[in-house]
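# Tertiary structure, described
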Amino acid sequence: MSRVARTVRPVDVPVVMQRVSDAALPFESRWSLRSLRRVDRDLHDRLLEQQSLYHEALITGDATEVEEQSAAMCRGWTAVTRVMEAVGAEDDAYLLGHDPKTGTTVAIGENRHCIDRVRDVHGERVVWLTPDEIATLFAGIEGFKTIAAVKQHFPGAEIIDLHPNEPAKADR
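These lines cover the structure that appears in this document, whether it is placed above or below. (Residues numbered from 1 in each chain as written. Predicted model: local features only at pLDDT ≥ 70, side-chain atom pairs only at ≥ 80, totals over all residues. Heavy atoms only, no water.)

## A few points about a nonpolar patch on the surface
A grouping of I134, L137 and I141 is seen on the molecular surface, where their side chains present a nonpolar patch of about 220 Å² in accessible area. You can see I134 is positioned in helix α6 (residues 131–140). In this structure I134 comes out as partly exposed when scored by relative accessible area, which is 30%. (Patch = residues over 30% accessible without salt bridge, like charges linked within 9 Å, V, L, I, M, F, W, Y side chains within 5 Å. Areas by Shrake-Rupley, 256 points an atom, 1.4 Å probe, with all protein chains shown as cover. Salt bridge = Lys/Arg side-chain N within 4 Å of Asp/Glu carboxyl O. Helix = DSSP H or I, 4+ residues; strand = E, 2+ residues; numbered from the N terminus. Buried < 20%, exposed > 50% of the residue type's maximum accessible area, 1.4 Å probe, protein only.)

Put into structure tokens, the structure is as follows:
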């Protein structure tokens, strides 16, 4: 019995991963998977299933399987992006805050893929911050310690305006 040698061509995993990342960018720069789940639960579940197959192929698959699963993953990202656009889903991958006095606009989000989208939609002057950066700033500025104490005691309190050099109205 003769054995036929199977030629397995190598796969350039970083190139494949970049291709999938590029396909995910239009979705991830605008929406969360939570938002997709609200819009189309079946499509959400199928995308997660495909992600699992793709990740498994990267770990244990041969070159053909990696290519097939990465191509399917790219098609999946394209499909979910089209669905979200078709229903007019609002961006939810980041939060915006605006100070009307200074004109400062801040966008807060985890996914750095959002930065270009945020700047395209809301202007070049938007400051991008991650939640960890916000926590570091908040903890490091003395004046925020008072705000933190108030918000811990009154969780629903909201800071609308600051008047640091004026006495409180009740103190007048």
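## Here we look at the pattern of salt bridges
Any two side chains of opposite charge can pair, on the condition that their charged atoms come close. By the definition in use, this model includes seven salt bridges. For the salt bridge of D91 with R117, the shortest nitrogen-to-oxygen distance reads 2.7 Å. Highlighted residues: D91 in the loop between α4 (63–86) and β1 (95–99) and R117 in helix α5 (residues 114–122), separated in sequence by 26 residues. Residue classification places R117 among the partly exposed positions, given a relative accessible area of 24%. The residue E124 makes a salt bridge to R119 at a minimum N-O spacing of 3.3 Å. Its relative accessible area of 51% is what places E124 among the exposed residues. Each of R30, E85, D91 and R117 takes part in salt bridges that share partners, so that together they form one network.

## Quick look at the nonpolar core
Among the nonpolar cores identified, the biggest contains 18 residues, and F27, L36, W77 and V80 are the most heavily contacted of them. Mapped by element, the contributors of at least two residues to this core are α1 (13–28), α3 (41–60) and α4. Among the elements that line this core, the one with the most residues is α4, at six residues. Beyond its immediate chain neighbours, meaning those up to four positions away, F27 contacts S32, L33, L36, W77, V80, T81 and M84. Of all hydrophobic cores here, the second largest spans seven residues; its members include Y94, C114, V118 and V126. (Core = buried A, V, L, I, M, F, W, Y, C linked by side-chain atoms within 4.5 Å. Contact = heavy atoms within 4.5 Å.)

## What to know about the sheet that holds strand β2 (residues 104–108)
Reading across the sheet, the three strands line up as β1-β2-β3 and stay open at both edges, with mixed pairing between neighbours. With one partner strand each, in any of the chains shown, β1 and β3 (127–129) form the two edges of the open sheet. Each strand of the sheet is rotated relative to its neighbour by a mean of 25°, with strand direction disregarded. Where β1 meets β2, five bridges bridge the pair, whose relative direction is antiparallel. Opposite D99, over in β2, you have T104 as the bridge partner. Along the sheet, α5 makes contact with β1, β2 and β3, crossing β3 at roughly 150°. Contacts from α6 reach β2 and β3 within the one sheet, and its direction differs from that of β3 by about 90°. (Pairing = 2+ DSSP bridges. Axes fitted to C-alpha atoms, helices over the stretch in contact; angles between N-to-C directions.)

## Considering the packing of aromatic side chains
The final tally for this structure, using the stated rule, is two aromatic pairs. Between F27 and W31 the ring centres are 5.7 Å apart and the planes differ by 50°, which places this aromatic pair in the tilted class. Look at F27 and you get buried, because its relative accessible area is 1%. Between F27 and W77 the ring centres are 5.5 Å apart and the planes differ by 40°, which places this aromatic pair in the tilted class. With a gap of 50 residues between them, F27 in helix α1 and W77 in helix α4 connect regions that are remote in the sequence. Given a relative accessible area of 3%, W77 falls into the buried group. Three or more aromatic residues link up through ring pairs in this structure, and these residues are F27, W31 and W77. (Phe/Tyr/Trp six-rings, centres within 6.5 Å; stacked < 30°, edge-to-face > 60°.)

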